[in-house]
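# What the coordinates show
Listed below are the residues making up each chain.
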Amino acid sequence: MGEGVFVSQIFIGGQFVDSAAGEMRSVLNPANSRELGHVPAGSPEDVDRAVAAAGQALGGWSAQSGDDRYVLLQGVAARLRELSEPLLGLLVAEGGLTQQEARASLQAAEAALQYPAVPGVQVPSGVRAVIGPAGSPLVPAVRDVTTALMGGDAVVIRPPVGAELLHLLLARAWATLPPGVVNVVVGDVGLASCLASHPGIGAISFAGSAAVATRLGQFGKQVDATVGQLDAAIVRPGADLDLAVRAMAWSRLRHGGRCCLSSRRIFVPSAMAAEFSMRLHQYVGLLEVDDPMIASVRIGPLGSMEAAKACENRVVRTMRAGGRLVLGGFRFRPAGLKGGWLQPTILADVPIDAPPHREELLGPVLTVSSYADDDELRGLLRQESGQIGRAHV
């Protein structure tokens, strides 16, 4: 899974074409900040062309039976398998996933094509925009596209920054479908807004933060969103601490702590909190953090140096609010790598008004708060803000 330089076009109407912007921008490897390739800068005209191509394909695609659409998706799955090695390489080199995570992501993407979710009411929404998250660069987008296609929609994908080369390569698999059924444009947040607000878009599929999903809803479209939550993982009295440590560490640290569906905060009974924090330290402190091109590595980088700096800032703010640093906490350069790196971090005794209980903290950070009894736990959970979910161990 070696690196290479890619110069990519966008994918519209079944063909790879030059962007109307005529400009390219660099794609950097998040582990070492080296130039990995180039992608088109993107422009509103690209969006116009992609939406028009999807609109032209919509009638023929929506007229097909669900069985026929399923058969065609199996051709996409077969082509994905043929592209597996270069896709794995980009999941690691562009997406920053470890090799273990990259292989699991590719298997999950193939499964989404082989066993697609079928909408309960198969009424096509028209042309659908699919906007995916950088923290999980492959699976949510493939799942959303597949579900939309099975429902009779045509699709325009805007992949996140950090997964653009990946999705332009994946377009070779979507190319097995009739022209215009799936289109791929790339660009910054402004282009994503241009796509979402386009009058030719009938619905939006989105995975990411609740705040962005709310903004997308302001365009007056149907929005089907899978949003990240400030999930609380709750350790109950008598729990197996070794099992709880492993489960919560891997839930939080996968994809470098960027996965929007992981448990962000841990609540532990006061009598067990010190022991839990010590075992968590022992476990996380031994995980290998290095270039994800190395097969044994278990934690990779964040998406960029800027993302690592933002996460470090939230860690410092949490410490100022009263959180106690147990492990890590700061940017560093494993093996001298100049990339988006933050030490795996554990913060204990985190007050309920500290940033991790109020904001999304996208990075390899685990926070531990204690509770004396169930009444106090319920009171703490009631004080939290944002999208709240809970898991019990």
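Before reading further, recall that the structure is shown in the block above.
Values in this document were obtained by computation on a predicted structure and should not be read as measured data.

## Looking at the overall build of the protein chain
Across its full length, the protein chain holds twelve helices and 16 strands. Counting all 393 residues of the protein chain, 54% fall into the buried class. Residue pairs at least 24 apart in sequence account for 75% of intrachain contacts in the protein chain once pairs closer than 6 positions are excluded. On the protein chain, roughly 15,600 Å² of surface is accessible, and the fraction owed to carbon and sulfur atoms is 52%. For the protein chain, the centre of its 34 positive side-chain charges and the centre of its 37 negative side-chain charges are spaced 3 Å apart.

## Here we look at helix H9 (residues 241–253)
The first and last C-alpha atoms of H9 sit 18 Å apart over 13 residues, in line with the 18 Å expected at 1.5 Å per residue. When H9 is considered as a whole, its buried residues turn out to be Leu-241, Ala-244, Val-245, Met-248, Ala-249, Ser-251, Arg-252 and Leu-253. Buried residues along H9 sit in contact with helix H4 (99–114), strand S11 (232–234), strand S12 (265–269), helix H10 (270–284) and strand S15 (365–371). Two or three places before Asp-242, at the opening of H9, Asp-240 has a side-chain oxygen 3.1 Å from that residue's backbone nitrogen. At the exit of H9 stands His-255, carrying a positive phi of roughly 55 degrees.

## Quick look at the pairing of strand S14 (residues 345–348)
Along any regular strand the residues' side chains alternate between the sheet's two faces. Both faces of S14 are covered, namely the face carrying Thr-345 and Leu-347 and the face carrying Ile-346 and Ala-348. Judged from the three bridges that link them, strand S13 (residues 324–327) and S14 form a sheet pairing that is antiparallel. Bridge pairing links Arg-324 to Ala-348 in S14. In the sheet, S14 pairs with S15 via four bridges, with the strands oriented parallel. Looking at S15, one finds that Leu-347 is bridged to Thr-367.

## What to know about the side chain of Thr-98
When you line up the elements, Thr-98 lands in the loop between helix H3 (84–93) and H4. Not counting chain neighbours up to four residues away, the residues in contact with Thr-98 comprise Val-92, Pro-292, Val-297, Arg-298, Ile-299 and Gly-300.

## Considering the side chain of Arg-128
Here Arg-128 lies in strand S6 (residues 127–131). Residue Arg-128 is classed as buried on the basis of its relative accessible area, which comes to 5%. Within polar-contact distance, the side chain of Arg-128 engages the side chain of Asp-153 at 2.9 Å. Reaching out from Arg-128, the side chain makes a polar contact with the side chain of Ser-205 at a distance of 2.8 Å. The residues touching Arg-128, leaving out its near neighbours within four places in the chain, are Ala-148, Asp-153, Ala-154, Val-155, Val-156, Ile-201, Ala-203, Ile-204, Ser-205, Gln-222 and Asp-224.

## Notes on the pattern of salt bridges
Oppositely charged side chains may form a pair once their charged atoms are brought near each other. A complete count under the given rule lists 15 salt bridges for this structure. Across the pair Asp-144 and Arg-143 runs a salt bridge whose closest N-O atoms are separated by 3.3 Å. For Asp-144, a relative accessible area of 11% gives the class buried. Residue class for Arg-143 comes out partly exposed when judged on its relative accessible area of 29%. Linked by salt bridges that have partners in common, Arg-128, Asp-153 and Asp-224 make up one network.

## Some words on the packing of aromatic side chains
If you walk through the whole model with that rule in mind, you get two aromatic pairs. Ring centres of Phe-11 and Phe-16 lie 5.0 Å apart, and the angle between their planes is 50 degrees; this geometry places the pair in the tilted category. Given the relative accessible area of 2%, Phe-11 is considered buried. Relative to Trp-341, the ring of Phe-332 lies with its centre 6.5 Å away and its plane at 80 degrees, an arrangement referred to as edge-to-face. On the basis of relative accessibility, which here comes to 1%, the residue Trp-341 falls in the buried class.

## Describing the nonpolar core
By size, the foremost hydrophobic cluster in this structure holds 72 residues, and its most contacted members are Leu-149 and Trp-174. Leu-149 has contacts with Trp-61, Arg-69, Leu-73, Val-155, Trp-174, Leu-177, Val-181 and Val-182, leaving out every residue within four places of it along the chain.

## Examining helix H1 (residues 44–63)
Taking 1.5 Å of rise per residue, the 20 residues of H1 would be expected to cover 28 Å, and the 29 Å separating its terminal C-alpha atoms lies within 8% of that figure. Of all the bends in H1, the greatest measures close to 40 degrees and is centred on Ala-57.

Calculation criteria
Residues numbered from 1 in each chain as written. Predicted model: local features only at pLDDT ≥ 70, side-chain atom pairs only at ≥ 80, totals over all residues. Heavy atoms only, no water. Helix = DSSP H or I, 4+ residues; strand = E, 2+ residues; numbered from the N terminus. Buried < 20%, exposed > 50% of the residue type's maximum accessible area, 1.4 Å probe, protein only. Contact = heavy atoms within 4.5 Å. Areas by Shrake-Rupley, 256 points an atom, 1.4 Å probe, with all protein chains shown as cover. Lys, Arg positive; Asp, Glu negative; His and termini not counted. Charge placed at Lys NZ, Arg CZ, Asp CG, Glu CD. Expected span 1.5 Å × (residues − 1). Polar contact = N/O pair within 3.5 Å; in protein donor to acceptor, adjacent residues only side chain to side chain. Pairing = 2+ DSSP bridges. Salt bridge = Lys/Arg side-chain N within 4 Å of Asp/Glu carboxyl O. Phe/Tyr/Trp six-rings, centres within 6.5 Å; stacked < 30°, edge-to-face > 60°. Core = buried A, V, L, I, M, F, W, Y, C linked by side-chain atoms within 4.5 Å. Bend = angle between axes of the 7 residues up to and from the residue.

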